[in-house]
Amino acid sequence: MVKSVEKKCVVRFEPSGLKTEVAKGSTVLEAAHKVGVYLSSVCGGDGYCGKCKVVVSDGHFKSRPTGLLSPEEIREGIVLACQTKVLSDMTLIVPKWHRLEAGQILTDSDAKRFGDIRGDTDEGALELDSLIQKIYLELPPPSIQDHTADHERLYLGIRESIDAPIIQTGFRVLQKLSPELKKTDYKVTVTVGSRGGTLELVDIESGDHSKTNYAVAVDLGTTTVVAHLIDLTIGKTVDTEATYNSQISFGEDYIRRIIYGEQNNAFDELQNRIVHDVNDLIVTLAVRQKVDLQDITACVCAGNTAMVHFLLNLDSTGIRREPFAASAAFVPAIRAAEAGVQINKRGLLYCLPGVAAYVGSDIVAGVLATGMNNGGGISLLADIGTNGEVVLGNKEWLICASSSAGPAFEGSGVKHGMRAGSGAIEKLRITEDGSIEVDTIGGGHPIGVCGSGLLDVLAELYKHGMIDRTGRFYESDDKRLTEADEGLQFQLSPPSEEHSEIVITQADIDNLIRSKAGVFSAIRALLKATQLEPEDLESVYLAGGFGNFLDINQAIVIGMLPDVSRDRIHFVGNTTIAGAKQALLSRKSFETCETIAQSMTYVDLMSDASYMEEFVRAKFIPHTDLSLFPSVEFDGIGTTN
Ligand code: FES
């Protein structure tokens, strides 16, 4: 019998030079996954988004026919990575738009951009009482008069230093407790961590180690992961770092990733990716700050419900199927090592509580960070990211919803959309003579348009009478408006020798309008459910990466945000990380998160009949009801502000 030998091919990606060996017949996208090369793949490899383009420099391949590549692109050797099978050793060039840059990831220091936020723990607004603490104890050694056992002696000492009605000790710590006490004549450092209503004696070391205690707060974003290293002895952030979520190659939104996990039995792989990202950030911070990983005793994470499930490898399949029940909203503190997170081997991993499958702990952290749960006035928090979650309320009640607005403003589903990074158009203006002025991130030639730029495009085209209130292009003899295979498109930036033109297509505009309508109709639905009007809003907090860079007036002109006095609108940056830090540094704040998550009412917009009606009305610019936008002037064609 002749055994068939599986033929292997070496696939090399330039300019990184990373290479891997795959079975003949594997797709280029699979090879990229294997070697850790990021390729944008919005549709998760189903072949309909057209984002995974790469250039074949060398080698044999077989591509499925697709209408997503122009004849010119095919001539240049461009293929769709997910639709291209590797038939020999190959070399591929990854175009620049795939290459990830730090760009405008909101790390933190953005915290300084929202100094008015109460979560600014570095300013000492909170009493420092962190979830995990190191306490130095000088205990009286046992004597004939006092022969209390070592374990109980330790508990007495701990209770003199910290409020701890119930303390628990693990077996390993119990075993090493007496030897450690005896080593230094009962002068020891204990690490104690809050676990639910109890305090765990996490570790005991002889001598005084209380001056070195660090933790990491992590924002588990669908697109970006941000980590802060915090010195727990003084409650200060000592460094921050961010990276793109490497799960992106399995789909840009988390539903796609769940589908990928189910279809490929790949939830372990999804967990590995996110744990790897978190560990990379932790190690980078630790090395840079010369902190020993053993001195990082806790990691506090906040993120949407799916991301928390991926991190812990909990069953996330219920998130995308009726009745949309997650595995866990309140996750107990676990040993970080059990999830693969590399800190002190006995260190604890905390995930902030979430509300529902589509409103996660990132939003709970946002509420905590803005303090909207404390005031009497009504506030609105809008996190305009992939899903567009909104929360409305005050200290007495909170109501929330997820708009499933779609990630158009993050560049997905938009022909030349891209994330905020070098070369992205972040601002765009159409001047009186009709010419277009753009600002790009980094100042270079435009290679795409990011969220704030896309919002400008929509508003400017409308204000200058180029699209109507439904977003349709008006007929025009403007040479920049052309008919392409997919329909009308408008040129935003002309081609040059080195760069392709940048256009906005009719389909892009439709996607953007759907996204903005999703956000606005969710806000309207919550206002209606509580019988409130926009003027009742004392504060509107805009969170998330995109929220921080958008032009408020343009957002109101297109009808994404309610038309309230501009001074009530606050950019609050990355409230996920701000809230996670606050919860880390204050046990009381952590409990407040639990109260917020428990008491927040979740409105399922999809089963709310009036939401669909609202959504349809919001699909006009700015809305079918112009009286909702009193501060915006309408001149019959376009709009001026
Ligand atoms: Fe290849 Fe979408 S077309 S990932």
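The rules behind the values
Residues numbered from 1 in each chain as written. Predicted model: local features only at pLDDT ≥ 70, side-chain atom pairs only at ≥ 80, totals over all residues. Heavy atoms only, no water. Pairing = 2+ DSSP bridges. Helix = DSSP H or I, 4+ residues; strand = E, 2+ residues; numbered from the N terminus. Contact = heavy atoms within 4.5 Å. Axes fitted to C-alpha atoms, helices over the stretch in contact; angles between N-to-C directions. Patch = residues over 30% accessible without salt bridge, like charges linked within 9 Å, V, L, I, M, F, W, Y side chains within 5 Å. Areas by Shrake-Rupley, 256 points an atom, 1.4 Å probe, with all protein chains shown as cover. Salt bridge = Lys/Arg side-chain N within 4 Å of Asp/Glu carboxyl O. Lys, Arg positive; Asp, Glu negative; His and termini not counted. Charge placed at Lys NZ, Arg CZ, Asp CG, Glu CD. Buried < 20%, exposed > 50% of the residue type's maximum accessible area, 1.4 Å probe, protein only. Core = buried A, V, L, I, M, F, W, Y, C linked by side-chain atoms within 4.5 Å. Parallel < 35°, antiparallel > 145°, perpendicular 65-115°, else oblique. Left-handed = near helix turned anticlockwise from the far one by under 90°. Nonpolar A, V, L, I, M, F, W, Y, C, P; charged D, E, K, R; others polar. pLDDT = per-residue confidence, 0-100.

Two strands in a sheet stick together by hydrogen bonds in their backbones, pointing the same way (parallel) or opposite ways (antiparallel). Judged by pairing direction, the sheet is mixed, and its six strands sit side by side in the order 14-13-12-15-17-16 without closing on themselves. The open sheet has two edge strands with one neighbour each: strand 14 (236-244) and strand 16 (334-335). As defined by bridge partners, strand 16 adjoins strand 17 (residues 348-351) across two bridges and the pair is classed as antiparallel. Paired with Ile 334 across the bridge in strand 17 is Leu 349. Sheet strands in contact with helix 7 (residues 305-312) are strand 12 (214-220), strand 15 (296-303), strand 16 and strand 17, and its direction is about 155° off that of strand 17. Running over the sheet, helix 13 (residues 575-585) touches strand 12, strand 13 (224-231), strand 14 and strand 15 and is turned about 150° from strand 12.

To continue, consider a negative patch on the surface. There is a patch of like negative charges on the surface, built from Glu 432, Asp 433, Glu 437 and Asp 439. Relative to the elements of secondary structure, Asp 439 occurs in strand 22 (residues 436-440). Residue classification places Asp 439 among the partly exposed positions, given a relative accessible area of 42%.

Moving on, we get to the nonpolar core. Soluble globular proteins: nonpolar side chains tend toward being buried together. Ranked by size, the top nonpolar core spans 64 residues in total, and within it Leu 392, Leu 461 and Ile 504 carry the most contacts. With eleven residues, helix 11 (residues 506-529) is the largest single contributor of residues to this core. Residues within four places of Leu 461 in sequence aside, it is in contact with Ile 430, Met 466, Ile 467, Phe 473, Phe 490, Ile 504 and Ile 509. In terms of nonpolar packing, the next biggest core, distinct from the first, is built from 42 residues, Ala 215, Leu 348, Leu 584 and Ile 596 among them.

The next thing to look at is the pairing of strand 2 (residues 18-23). Both strand 1 (residues 8-14) and strand 2 contribute to a ladder of six bridges, which runs antiparallel. From the neighbouring strand, Arg 12 faces strand 2, where its bridge partner is Lys 19. Once strand 1 ends, the chain turns through three residues before running back antiparallel as strand 2, passing Gly 17 with a positive phi of about 80°.

The next thing to look at is the sheet that holds strand 3 (residues 53-58). Across the sheet, five strands lie side by side as 2-1-7-3-5; this open sheet has mixed pairing. Across the chains shown, the open sheet's two edge strands, defined by having one partner strand only, are strand 2 and strand 5 (78-80). Pairwise comparison of adjacent strand axes, ignoring direction, gives a mean angle of 35° for this sheet. Lying over the sheet, helix 1 (residues 28-35) contacts strand 1, strand 2, strand 3 and strand 7 (90-93), oriented at roughly 125° with respect to strand 2.

All right, on to the packing of helix 9 (residues 361-370) against helix 14 (residues 587-599) then. Look at helix 9 against helix 14: their axes get within 10 Å of each other, and the N-to-C directions meet at 120°. In terms of their interaxial angle, helix 9 and helix 14 are classed as oblique. For the pair helix 9 and helix 14, the crossing hand works out as right-handed. Contacts between helix 9 and helix 14 involve Val 364, Val 367 and Leu 368 from the first element and Ser 589, Thr 592, Cys 593, Ile 596 and Ala 597 from the second. Here the residues of the contact of helix 9 with helix 14 sort into six nonpolar, two polar and no charged.

That bond from Glu 322 to Pro 323 is cis: its omega, 5°, falls within 30 degrees of zero. Mapped onto the secondary structure, Pro 323 falls in the loop between helix 7 and strand 16. Ile 621 connects to Pro 622 through a cis peptide bond whose omega is -10°. Assignment of secondary structure puts Pro 622 in the loop between helix 15 (609-617) and strand 30 (633-634).

Right, let's talk about the confidence of the model for the protein chain for a bit. The predicted coordinates ought not to be read in detail in places where the model reports low pLDDT. Per-residue confidence for the protein chain averages 89 on the pLDDT scale, and 92% of its residues sit at or above 70. Counting contacts from residues 636-641, a segment whose pLDDT is below 50, to residues more than four positions away or on other chains yields 19 contacts.

At a minimum axis distance of 8 Å, the contact between helix 5 (residues 254-264) and helix 6 (residues 267-288) shows a crossing angle of 130°. Considering their axes alone, helix 5 and helix 6 lie oblique with respect to each other. Across the interface between the two elements, Arg 257, Ile 258, Tyr 260, Gly 261 and Glu 262 of helix 5 pack against Phe 267, Glu 269 and Leu 270 of helix 6. Residues that form the contact of helix 5 with helix 6 fall into these classes: four nonpolar, one polar and three charged.

With six of its six residues buried, strand 18 (residues 378-383) lies for the most part within the structure. Because side chains alternate across strand 18, one face comprises the buried residues Ile 378, Leu 380 and Ala 382, and the other comprises Ser 379, Leu 381 and Asp 383, equally buried. Sheet topology note: the strand 18/strand 27 (residues 537-543) ladder contains six bridges and is parallel. Considered in strand 27, the bridge of Ile 378 is made with Leu 537. Two strands pair when backbone bridges link them, and strand 18 and strand 19 (residues 389-393) are joined in this way by five bridges, in the antiparallel orientation. Bridge pairing in strand 19 links Asp 383 to Glu 389.

This part covers the pattern of salt bridges. In this structure the tally under the stated criterion is 24 salt bridges. Put simply, Arg 12 and Glu 14 hold a salt bridge, and the shortest N to O gap is 2.8 Å. The class of Arg 12 is partly exposed, set by a relative accessible area of 30%. Connected via shared salt-bridge partners are Arg 195, Glu 200, Arg 335 and Arg 346.

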